[in-house]
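# A look at the structure
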Amino acid sequence: MKGSYRASTNLAPNLSMHLWVKDGSINYNNSATPLEHFFIGADIKMPGLNMDSITLQLDSLKFDINGSPTFVKLYTKGITAPYIKANISSKLDLGLLDRALGLNDIELKGQLDVKAITDGRYDGVKKLFPPTTASIQLKDGTIQTPYYPHPIEQLQINTSINGKSGTYSDLH
């Protein structure tokens, strides 16, 4: 953080953070299949502590679980009507991810495959949705939380998004 703060003149410092992890791993409780080859390069900037000018640049988020890769590249700017540019590619066994991360209050299972590219502005008030091409498949999904006594099981999702206009009109 750099700068001065004066409430009387709405002067606030600039916030800047950089995160870099190369070839890391996460192995909660010595899981049989850890999250491996973890790489993240990210920058967060918030000029004048103004939330609507915050930018997140995730140059890369990469990892493997049991040989299945995940890759995410993301840039966002703003909160109210954010500009979003993202590229996501992932093949995840959610049960292996759950065990590798040691998620305490939720249990996940199923095979999740995602490919998505988006580039544009999201604004719910103006009904803008960034042009997006995506395919999402979840096979044999299960979610168990402490908030409901029984798991939600046999979740099957097979969906595609091919929104080119930047509005809700071509999202079905």
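Overview of the structure.

### Comments concerning the overall build of the protein
Tallying secondary structure elements over the protein gives one helix and eight strands in all. Start at the N end of the protein and walk to the C end: the helices and strands fall as β-β-β-β-β-α-β-β-β. Considered along the principal axes of its C-alpha atoms, the protein spans approximately 55 × 45 × 35 Å. Across the 172 residues that make up the protein, the buried fraction comes to 31%. Considering only residue pairs separated by 6 or more positions, the protein has 44% of its internal contacts joining residues 24 or more positions apart.

### So, the environment of T145
Along the polypeptide, T145 turns up in the loop between β7 (132-144) and β8 (152-163). Distance from T145 to L108, taken between C-alpha atoms, is 9.1 Å for residues 37 residues apart in sequence. Dropping the residues within four chain positions of it, T145 is found in contact with D105 and I106.

### With respect to the side chain of D123
You can see D123 is positioned in the loop between β6 (107-121) and β7. No salt bridge forms around the buried D123; measuring N to O, its nearest opposite-charge neighbour K126 is 4.5 Å away. Beyond its immediate stretch of four places on either side in the chain, D123 contacts A81, L128 and Y168.

### A closer look at the nonpolar core
L35 and I65 are the most contacted members of the largest nonpolar core, which has 16 residues in total. The set of elements that each furnish at least two residues to this core consists of β2 (35-46), β3 (55-65) and α1 (94-101). The residues contacting I65, other than those within four sequence positions of it, are T33, P34, L35, L92, L96 and L97.

### Things to note about the environment of S31
On the secondary structure map, S31 appears in the loop between β1 (15-26) and β2. Exposure remark for S31: the relative accessible area of 12% places this residue in the buried category. In this structure the C-alpha to C-alpha distance between S31 and K127, which are 96 residues apart in sequence, comes to 44 Å.

### A closer look at the pairing of β7
Pairing of β6 with β7 involves 11 bridges; the strand directions are antiparallel. Across the sheet, residue V114 finds its bridge partner in β7, namely I136. When β7 meets β8, the two strands line up antiparallel, connected through nine bridges. Each bridged residue has a counterpart across the sheet, and for I136 the counterpart in β8 is T159.

Cut-offs used in this document
- The residue numbering used here restarts from 1 in each chain and proceeds along that chain's sequence as written.
- Note on the predicted model: pLDDT of at least 70 is required for a residue's local features to be given, and 80 or more for side-chain atom pairs to be given and counted; whole-chain, interface and lining totals, by contrast, use all residues.
- By convention in this description, side-chain values take in all heavy atoms of the structure and omit both hydrogens and water.
- Numbering of helices and strands runs from the N terminus, with a helix taken as a DSSP run of H or I at least four residues long and a strand as a DSSP run of E at least two residues long.
- Each residue gets one of three labels from its accessible area relative to the maximum for its type: buried under 20%, exposed over 50%, partly exposed in between, using a 1.4 Å probe on protein chains only.
- Any two residues whose heavy atoms approach within 4.5 Å at even a single point are treated as in contact.
- In this count, Lys and Arg are taken as positive residues and Asp and Glu as negative ones, while His and the chain termini are left out.
- We define a salt bridge as a contact between a side-chain nitrogen of Lys or Arg and a carboxyl oxygen of Asp or Glu at a distance within 4 Å.
- Take the buried Ala, Val, Leu, Ile, Met, Phe, Trp, Tyr and Cys residues and link them wherever side-chain atoms come within 4.5 Å; each set so joined is a nonpolar core.
- A strand pair is defined by DSSP finding two or more bridges across the two strands.

Such coordinate-based values are descriptive only and should not be taken to indicate function.
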